[in-house]
Amino acid sequence: MDEQTFQQQAVIWGQAYEIFVKRGVLGCLADYELIQLDDPHLQPWRDTKTSKVHSTVINELGIIDETVKEQTRSALQHMSAVAYGLGYTAMREYLKRLTQPLENKALAVQALWCPLTLPGPANFEVERDKACTEIHNILGLGGKVDPALADKGMPARADFLLWLSGSHKEDHLLVQEYSYDMPFSMGDFSEEDAHLEQFGNPSSLHSFGNKVGLAVKKARMQVQELLGAEHESEIIFTSCGTESDSTAILSALKANPERREIITTVLEHPAILSLYSQLEKEGYTAHYLKVDGKGRVNLDEYKRLLTDRVAVVSVMWANNETGSFFPVLEMAELANAAGVMFHTDAVQAVGKVPIDLKNSKIDMLSLSGHKLHAPKGIGVLYLKRGVRFRPLLRGGHQERGRRAGTENTASIVALGKACEMALEAMEHENTEVRRLRDKLEAGILAKVPHAFVTGDASNRLPNTSNIAFEYIEGEAILLLLNKFGIAASSGSACTSGSLEPSHVMRAMGIPYTAAHGTTRFSLSRYTTEEEIDRVIQVVPEIVAQLRKLSPYWGENGPSAEPEKDFAPVYA
């Protein structure tokens, strides 16, 4: 295998392994202590369960080539064998050490990416074994690996242990798109999080369930503290922000059946806009507050719409594309005075800015776990005590009868821990992360002419920057950024197949020649100075390259009247 091919496959296997551990550890290993590897009756069940995880990993990677699929599946099978050989208790112990520093990190990453059964570059195997031995000693793993697996030629010491020792960091990804998805690390859990080894239902009365129930209660209190809620009973666990949004809106409508009007803004997330659109088809009158060029609403218009015909107002705390804040606290006060329920989609804001719900008039608030470093598939609906409520999901008595369905215990506890960490990092988020965000913008704007920050630059989230690059396509920017290992997102909806700019850019009146070129960079407390410097270096080159292909751009810069050269209009 030549060096280039090895590096290409290394990236694929590295990504596959990252997904495997995130998806597979709890899914495949939670029942490990109930399974005997040599039990012929349980073997088919285990193989089927593991195979599903492997298929999920391959699908998430978007692998099409059948040969690469089989190579990746083979690598994952080795990973699974090692995982089962270690056992769940040992797995949890190693996961606590994910941040263990390694002097020989480069070799560790290579050893992770290349399964033992596949050849690497010259002298790779010797260097790999040295790195494995070093890591094995650092973690003190003697005697914890199933010797039966080693006899079968499984990589019981290399691939799996290297990931657990901290070499999983995404070195190929310079700027993670943190506004869409925050990385989740099991390494943040301590020995007191014993729920990870318990299998009881938290709603049951027996001792097994009671231990898990206490872990859920602790998580509820951690969420309560981050939100500044007065009572832990005001926290309802859901599956995601979208479920929380729908539950809040539909509950308000059922609680006020005589009221047939609803209010929101033109900049909301599709989770709200799609629901409002459907409600209009069902006979409700929806009012969409317009915004100015910075994304700010007109409060006078809002006050005029607040009548006794309105059932609920839903306004996002911060916009997901620009990061700009809405005056939700003031708007909640006005709604309360008019006798109208107020809900805010705070998915982008929670964990980044201080929130004090007990001293606000907000009735309901939605959050999504993966936006603050918890796993995907867990959310929260805050419901102020005393607010009339009608459940969306009915069935069991979970969540005090307000959201039926067995609790997603592992994700709930992970969310609780993420909330605790977010509270601790709040000052860092609003000082250091903000500084890096400002440095990124200043560096790019100094080197790239005909570019500007969208939204309300003086009143926004500390981690979000949405820059409009005039006369080019956001989709093309993203593709080239990706080649440099930089993950960003485009404000243009063309990434989903549409030729129209995003509804946010259109509502703010961003010119067509700039609306398609908006690119969002979002940071987190894990973003480094070196990553920001790299983006500042790369972006100007990409923009210059794309502008040479633009119908708006001439040899010496933009056309004198670009709209006359190429002038499409909004649909």
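That block above? That's the structure.
Residues numbered from 1 in each chain as written. Predicted model: local features only at pLDDT ≥ 70, side-chain atom pairs only at ≥ 80, totals over all residues. Heavy atoms only, no water.

Trainee: Just to check I follow, could you spell out the overall build of the protein for this structure?
Mentor: For the protein, the count of helices and strands is 20 helices and 13 strands. The burial tally for the protein puts 55% of its 571 residues in the buried class. In the protein, of all internal contacts separated by at least 6 residues, the share reaching a separation of at least 24 is 73%. Taken as a whole, the protein presents about 24,400 Å² of accessible surface, with 52% of it coming from carbon and sulfur. (Helix = DSSP H or I, 4+ residues; strand = E, 2+ residues; numbered from the N terminus. Buried < 20%, exposed > 50% of the residue type's maximum accessible area, 1.4 Å probe, protein only. Contact = heavy atoms within 4.5 Å. Areas by Shrake-Rupley, 256 points an atom, 1.4 Å probe, with all protein chains shown as cover.)

Trainee: It is not clear to me how a positive patch on the surface should be interpreted in this structure. Could you clarify?
Mentor: A cluster of basic side chains, namely Lys254, Arg388, Arg390 and Arg394, defines a positive patch on the protein surface. Within the secondary structure, Lys254 is located in helix α10 (residues 241–255). (Patch = residues over 30% accessible without salt bridge, like charges linked within 9 Å, V, L, I, M, F, W, Y side chains within 5 Å. Salt bridge = Lys/Arg side-chain N within 4 Å of Asp/Glu carboxyl O. Lys, Arg positive; Asp, Glu negative; His and termini not counted. Charge placed at Lys NZ, Arg CZ, Asp CG, Glu CD.)

Trainee: Honestly, the packing of α10 against helix α11 (residues 270–281) in this entry has me stumped. Any pointers?
Mentor: Geometrically, a packed helix pair is captured by the angle between its two axes and the distance between the axes. Viewed as axis vectors pointing N to C, α10 and α11 meet at an angle of 35°, and their least axial separation amounts to 9 Å. In terms of crossing hand, the pair formed by α10 and α11 is right-handed. Where α10 approaches α11, its residues Thr242, Asp245, Ser246, Ile249, Leu250 and Leu253 are matched on the opposing element by Ala271, Ile272, Leu275, Tyr276 and Leu279. Among the residues making up the contact of α10 with α11, the classes are represented as 8 nonpolar, 2 polar and 1 charged. (Axes fitted to C-alpha atoms, helices over the stretch in contact; angles between N-to-C directions. Left-handed = near helix turned anticlockwise from the far one by under 90°. Nonpolar A, V, L, I, M, F, W, Y, C, P; charged D, E, K, R; others polar.)

Trainee: Where do I start with the sheet that holds strand β7 (residues 379–383) in this structure?
Mentor: In sheet architecture, strand pairing relies on hydrogen bonds along the backbone and comes in two forms, parallel and antiparallel. Spatial ordering of the open sheet is given by β1-β7-β6-β5-β4-β2-β3, a layout of 7 strands whose pairing is mixed. In this open sheet, the two strands that pair with only one neighbour each are β1 (235–238) and β3 (285–289). If you compare each strand with its neighbour and ignore which way they point, the axes differ by 20° on average. Across 3 bridges, the pairing between strand β5 (residues 341–345) and strand β6 (residues 364–368) is parallel. Bridge assignment links His343 to a residue of β6, and that residue is Met364. The sheet strands contacting α10 are β1, β2 (261–265), β4 (310–314), β5, β6 and β7, and the helix crosses β6 at an angle near 160°. (Pairing = 2+ DSSP bridges.)

Trainee: Any chance you could explain helix α15 (residues 426–447) here in plain terms?
Mentor: Owing to its 3.6 residues per turn, the α-helix brings residues three or four apart onto one side. Here α15 contains 22 residues, and its C-alpha end-to-end distance of 31 Å stays within 8% of the 32 Å for a straight helix at 1.5 Å per residue. When the local axis directions of α15 are compared, the greatest deviation, roughly 30°, occurs at Arg434. Residues Met426, Glu429, Val433, Leu436, Arg437, Leu440, Glu441, Gly443 and Ile444 constitute the buried set of α15. (Expected span 1.5 Å × (residues − 1). Bend = angle between axes of the 7 residues up to and from the residue.)

Trainee: Hey, could you run me through the environment of Gly369 in this one?
Mentor: If you trace the backbone, Gly369 turns up in the loop between β6 and β7. With relative accessibility at 0%, the residue Gly369 sits in the buried group. As for Gly369 and Gly241, which are separated by 128 residues in sequence, their C-alpha atoms are 8.1 Å apart. Residue contacts for Gly369: discarding those within four places in its chain leaves Ala374, Pro375, Ile378, Gly379 and Leu415.

Trainee: It is not clear to me how the pairing of strand β11 (residues 518–522) should be interpreted in this structure. Could you clarify?
Mentor: Taken residue by residue, a regular strand's side chains alternate between the two faces of the sheet. With 5 of its 5 residues buried, β11 lies for the most part within the structure. Along β11, one buried face is formed by Thr518, Arg520 and Ser522 and the opposite face, lined by Thr519 and Phe521, is buried too. In this structure, strand β9 (residues 464–469) lies alongside β11, joined through 5 bridges in antiparallel fashion. Its bridge partner being in β11, Ala468 is matched across the sheet by Thr518. In this sheet, β11 lies alongside strand β10 (residues 489–490) in antiparallel orientation, the contact comprising 2 bridges. Paired with Ser489 across the bridge in β11 is Arg520.

Trainee: Can you walk me through the pattern of salt bridges in this structure?
Mentor: Pairs can form between side chains of opposite charge once their charged atoms are near each other. If you walk through the whole model with that rule in mind, you get 13 salt bridges. Taking the shortest distance from any N to any O, the salt bridge between Glu399 and Arg220 comes out at 2.7 Å. Pair noted here: Glu399 is in the loop between β7 and α14 (409–424) and Arg220 is in helix α9 (residues 207–227), with a separation of 179 residues, a long-range link. Classification of Arg220 as buried rests on a relative accessible area of 9%. Across the pair Arg435 and Glu529 runs a salt bridge, and its minimum N-O distance is 2.6 Å. Here Arg435, found in helix α15, pairs with Glu529, found in helix α19 (residues 529–547); they are 94 residues apart in sequence, far enough to count as distant. For Arg435, a relative accessible area of 35% translates into the label partly exposed. What emerges from the salt-bridge pattern is a single network uniting Glu432, Arg435, Lys439, Glu529 and Asp533.

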